[in-house]
Structures are given as structure tokens and as C-alpha cells.
Amino acid sequence: MTDAAVSRRRRRREVNPLEYLKRPWMWLALLGCFVFLYFPIVTLVAFSFNSYKRAFVWKGFSLIWYEKAMNNASLHEAFINSMHVAAVSTVVSTALGAMLGLALYRYWFPWKGTYEGIIHLPIVIPEICMAVAMVTFFWAVGIDLSLTTVIVSHIAFTIPFVAVVIRARMAGFDVSLEEASRDLGASEWQTFWHVTFPYMIPGLVAGALMSFVLSLDDFVITFFTAGVGDNTFPVKIYSMLRFSVTPEVNAASTVLIVITLSLTLVAMIMQSRWTKGPKE
Amino acid sequence: MTDAKPIISIRNVTKNFGRVTAVDNVSIDVMPGEFFALLGPSGCGKTTLLRMLAGFETASEGEIEIDGQPMLGVSPNKRPVNMVFQSYAVFPHMTVFDNVAYGLKVTGVPKNEITGQVEEALALVHLEDYGRRKPDQLSGGQRQRVALARALVKKPKVLLLDEPLSALDAKLREAMRLELVRLQHSVGITFVIVTHDQDEALSMADRAAVMDRGVVRQIAPPDELYEHPNSLFVADFIGKVNMMEAKVAGQSDGDLLVEIKGMGRIAVPYAGAATGDIGVAVRPEKTVLSVEKPAEGAIALKGKVSDVAYYGSESNIMLDTETGVQFISTVQNDARHSGLSVAIGDDLWISWAPGNTLVLAE
């Protein structure tokens, strides 16, 4: 019997090098990671449903803090401001970033490499530096800080994200599609709208959602470039925290999380629907 | 053919990419209704030439006329030609129907005419029932048919095909060759095909231009390219040859006297004029192997069999000859037990009729 039986038994106990989930310690490490990453967020959300006014003592479920946050006029206003800023800056930066990404994909010009490096600067430089740079620029030029300056700043720092996404998308583009379009009698403009643009859409959606979420979340740059009394949602939450830590802040933050998550979800669904490309 | 005007006239066209000359002073006339092949190894400039016809590249020098119109400065969308791309370039986000309709829509053909024309074009390539499919639901061969229909629906004066069969598997390729020839006969459009595959060019084209490093070496019908190549390059690119170095020793009524290295003076029928060092060659299948010395009149060499390669329908027998040159002879295995059984090490005679000798003057 037995050689075969023995080796079969041994094989059952053996864990393949890539079967990580069959190792108990791996589960522990995984659990540790999840706790570290998500415990704070889960508690934040959980305590937004607390009925007690101290943030960290659970007394029972209620929606009272959501109601309070809803009726908080200045929080409401901050939310509208945030949406306004995010919407306008997303539209502008998606358009400009897409053009930039397309230009970088398509054309060669002197110093292109250097220019490409510089474009990534807003992504890599510390946000605080970007904020200071923007605010000193506005002072130097003599523009009063307002929501408009916030929008301009948000456009400036979200453009590169869009450009990078579009550029990556275009790397997989078959240029002969454009040539085929021209060959079939289409003008350059028709070719762009009928052939190139549809191909860019998943990248545009991804880039737009990215810049929307970045703008909605942004604290540092907004804090510096906003005029007096022009609060956005994150800035307002911060100022609420300084006065009192009530679950109202939790409720407001939870709303922000839900918005961000659902936008990301929409982006992912759209992505997967569009990229169901040719299965070769 | 002489009185007809060429549909494509390429006059002394040169194309430089920086310091690289991709196409070097090429002149070709293609006649209406012809199936013309641009044949050559990769990098010989055949695709560049095709792209100049389509308008994607501009000639550095020379002129291109299509249907009597000079093409200088005419953009691709204004040319009476359409192209089938090597990658097919079928628009992935459109259905098969929309792909074929695209060229009509963008040029403002009325909607009620489009449907009929598209259906006609799809029927031509046997894709009648595929109109609503997306390209990712099609096989490679079907996608190519879409590309063909999309180009043909425009009723071009010339259809350009860039390596159309290279992405298909061997069996499908064979079938598509016949299909393309059938298609060309039924639509009566001039086809210009680019290929690196000599079999493809020989089996489909009415005439082919053999290109080498940007230069056209020979333009001729397939049988002439094979039976009367003008240069070693053409002879070698299209089929196999046994090469011999030779010197022209004189001329006598229709024959060329050549002094072949190690074989002495031989008279070869040759119409043209040649002097100095030339190449002389013979196709492997035009040689005969025998144990006994062949009769007078044939060109004969003695050799020892060094290798036998069996291909089923035929065998290639390699012979080390007394002149030091290796010869290949192709033997048809047309009977189950052929008369001559060859083993490595056998001493055999290889011979051929003088008329089968190729004189390669260039």
C-alpha cells in the first residue's frame, strides 16, 4: 500500500508556498491589519448613532445627531460650499487634465521629459507647501481670498491626477483606429469625437471622480486659500471639533464617508463595464 | 494593358525618416482592376509605400497619382482609397453594423441609403447575421471581414491591404487567400496588398513588386518572378536556389557563354545582355539525380549525399559536389516506392537542362 498512501497523507498536510490562507499566523496578521486600518472608522460611524452626547460612551441607538447636523445651518452651508467647489473644480480640471494627458501621449516637443516631471510636482510636493505657494501667489497678485480662490487652487492640484490617468489610459490605444477613421473619410474633429473620445471615457470618469473626491476631502489647501467665513465641509468639521467633541461631528463625517464611498463604487462599476474589452 | 491609364502611378518616390531612407526612388504603375502585391522582407519599405498611398506619410521626393489626380497635400480622408489595417482597427465600441456604416455616416450619406449599403457590404463578406454584434464577440477572421466590409462599402478606387493575413492561423490564411481573390473579382476594385510571404504574393497577385531595403528589385507576374528572377535577391527571396558564381565568356546566337567556377564553359539560353561576374542558379526541383552519368546536353555535376530532408510529398536531398558547392535537389515522392532510394554517403550525379539555368545579371 503504502508508499502511495503515505505520500498522499503527507501531501494533505503540506501547504503550498502560495496558499497563504492555510497558515494560521497569516490570519492573525490579516486581522491585525484590519483592526489597525478600520477600527477607528468603524467606531466613528458607530458613535454617530449614539444617543448620548459624550462621544465615547455608548448609551443607545438614535439618529438625533444626524438630525442636529442637518439642522445646523453653518454645517449645511459648508456642505453646499464643498459640493460647489468640488463640482466646479472637477469639471475644469477634468477638461484641462484630459487635454494635457492627450497632448503628452500624442506629441513630442523639446524638454518633454522635464515637463512631464514638473507636471507630477503637485502630486508629490507636500500639501502645505502647495497651500502656502497658492496663498502667497494670491496675495502677490492682489486677489482676495474667497471660494473662487479655493476652486482655482483645487483645479491646480487635481489636474495632474487627471492627466496621469488619461495618459495611462491612452498608452493602450491603437493609433490605427484613428488612422482607420481618417481613412474612412472622417475629419480630425470627427475622428476625435467618434473614436478617440469614447476610448477616453473610462479614464475621464476615473479622473473626474478622483478629483471630485480629492477636492471634497481636501483640508490643508482649502484652509489656507479660503476667505474669512468661507467654510467647506472638512474645515467646518475641524472647527466644530475645536469647540466640542459631540457625535454631531461623527454624523457629519459619516455623511462624507458615505458620499466618498458611493462615488468610488460608481466609478468601479463604470470602469468594469467599460473595460470588458476584447477577450483575446 | 498598354493603352489603359494606370490607377496608381508612383513616380520616383523617396521617403526619408531622418537619416534612414525607407523608400528609395521607387516607380510603380498599377493598372485598374489589378491585384498588385508589394513583397519583401520586413523593413524593406513596403508598408511605408502603402502608407504613402493612403496618405499617412508624405513622400520626401517624387509624386504619387491616384486615378489621375496628384495626391500631394491630399489628406487621408479625401483620397479615393481605403485601407485594411494589419491590426484590423475595428472600432471596439461600435457594433459591426456601426463599424461598416461609419465611413458613410461621417461623409454625410443620407440615413436611408446607409442601411442598404451596409447590408450589401456585410453580405459580400458573409457577415449578414453579425450586424448587431460587438467586435469582442467576433473571431480574428470575422473581425478582418468587418474591416474589409468597412473599406469596401466606401467603394474605393483602390483597396490597400497591410499584411491582411499575418494574424490568422495557417488554415484560415489559406481560405482567406482564395476569399480575397474571389472578392477582388466580384467587386472589380484594384487591390494593393503588402506582404512578406512569397506564397501569399505568388498565389494571389496578378503582379508583384519585390522590394529590398527601399528599392524595387523586380516588378513582374508571379510566374515570371519565379522562372526569370533578375537578381540573386529575387531568386533567393522567392523560393530556393542553388547558386553558382560565374563569369560571362561571350555570346552566341541567343545563348550566353558562361564560365562557371569549377565546371567549365557552358552555353545558357539568355535573351538579355550581361558582362563580367554574374550569378548563375538552378531551382532545386528542376534538377535530376541519377546514379549513372546523364546523357550529353545536360549540365551535370558529381556529388556525395550529405543530408536527406523528408517533407512528405517531397524530399530535399543535399549534395556536396565536386566543385565544393553544396546543392539541393528536390525529389517528388510521387510513388510509394520511387526508383531512386537515396542514403547519406551515396555518390550521385545532379543534372539539369541548360534551359533551366537562371542567369542573375544583377
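Only a predicted model underlies this, so the values are computations on that prediction, with no experimental measurement involved.

Rules used in this analysis
All residue numbers refer to position in the chain's written sequence, counted from 1. Chains carry letters from A onward and ligands carry numbers from 1 onward, assigned in written order. Per-residue local features of the predicted model are confined to residues with pLDDT of at least 70, and side-chain atom pairs are confined, for both listing and counting, to 80 or more; whole-chain, interface and lining totals are unaffected and use all residues. Reported domain spans reflect what an automatic or database domain assignment gives. Our contact criterion uses C-beta atoms placed from the backbone: two residues qualify when those atoms are within 7 Å. Each helix is a run of DSSP H or I of at least 4 residues and each strand a run of E of at least 2, with the numbering of both proceeding from the N terminus. Any residue outside Ala, Val, Leu, Ile, Met, Phe, Trp, Tyr, Cys, Pro, Asp, Glu, Lys and Arg is labelled polar, Gly included; the first ten of those are nonpolar and the last four are charged. In short, DSSP must find at least two bridges between two strands for them to pair. Think of each axis as a best-fit line through the C-alpha atoms, taken over the contacting stretch in the case of a helix, with angles from 0 to 180 degrees between the N-to-C directions. Note on terminology: a nonpolar core is a set of buried residues of type Ala, Val, Leu, Ile, Met, Phe, Trp, Tyr or Cys, with members joined through C-beta atoms within 7 Å. Exposure in this text rests on C-beta crowding, where 20 or more other C-beta atoms within 10 Å of a residue's own make it buried, 12 or fewer make it exposed, and counts in between make it partly exposed. The C-beta atoms are placed from the backbone.

Visitor: How do you make sense of the domain arrangement of chain B when you look at a structure like this?
Guide: When the parts of a complex come together, some accessible area is lost, and that lost area is often used as the size of the interface. As far as domains go, chain B holds domain 1 (8-232) and domain 2 (240-360). For domain 1 of chain B and domain 2 of chain B, the distance between their C-alpha centroids amounts to 39 Å.

Visitor: Explain the domain arrangement of chain A to me, please; I cannot follow it from the model alone.
Guide: Domain annotation of chain A identifies domain 1 (2-47) and domain 2 (64-274). Centre-to-centre, using C-alpha coordinates, domain 1 of chain A lies 38 Å away from domain 2 of chain A.

Visitor: Would you mind going over the interface of chain B and chain A with me for this structure?
Guide: Tallying the contact residues gives 20 residues for chain B and 17 residues for chain A. Among the secondary structure elements, those contributing two or more residues to the side of chain B that touches chain A are β6 (81-84) and α2 (96-105) of chain B. Class assignment for the residues of the side of chain B that touches chain A results in eleven nonpolar, six polar and three charged.

Visitor: Is there a simple way to think about the sheet that holds strand β9 (residues 207-212) of chain B in this case?
Guide: Think of a sheet as strands paired side by side through backbone hydrogen bonds, with each pair either parallel or antiparallel. All names here are of chain B. Strand order in the open sheet formed by six strands is β6-β7-β8-β3-β9-β10, with mixed pairing between adjacent strands. Because the sheet does not close on itself, it has two edges, and the strands there are β6 and β10 (215-220). If you compare each strand with its neighbour and ignore which way they point, the axes differ by 20° on average. Bridge count between strand β3 (residues 35-39) and β9: four bridges; the pairing is parallel. When the sheet's bridge partners are listed, L39 is paired in β9 with V210. Helix α4 (residues 140-152) rests against β6 and β7 (158-162) of the sheet, and its axis sits at about 175° to β6.

Visitor: Explanation requested: the nonpolar core in the structure shown.
Guide: The nonpolar side chains of soluble globular proteins are, as a tendency, buried together. In terms of nonpolar packing, the biggest core is built from 96 residues, with L53, V100, A149, L160 and V192 of chain B touching the most fellow members. Sequence-distant contacts of A149 of chain B, that is, excluding residues within four places in its chain, are made with V100, A121, L122, L124, V125 and L127 of chain B. Core analysis: the next-biggest nonpolar cluster, separate from the first, contains 35 residues, A69, I151, A206 and M210 of chain A among them.

Visitor: What exactly am I supposed to notice about helix α1 (residues 46-54) of chain B here?
Guide: Two residues of an α-helix separated by three or four positions point the same way, owing to the 3.6 residues in each turn. Residues and elements named next belong to chain B. Most of α1 sits out of view: nine of its nine residues are buried. K46, T47, T48, L49, L50, R51, M52, L53 and A54 are the residues of α1 that are buried. Backbone geometry just after α1 places G55 at a positive phi near 100°.

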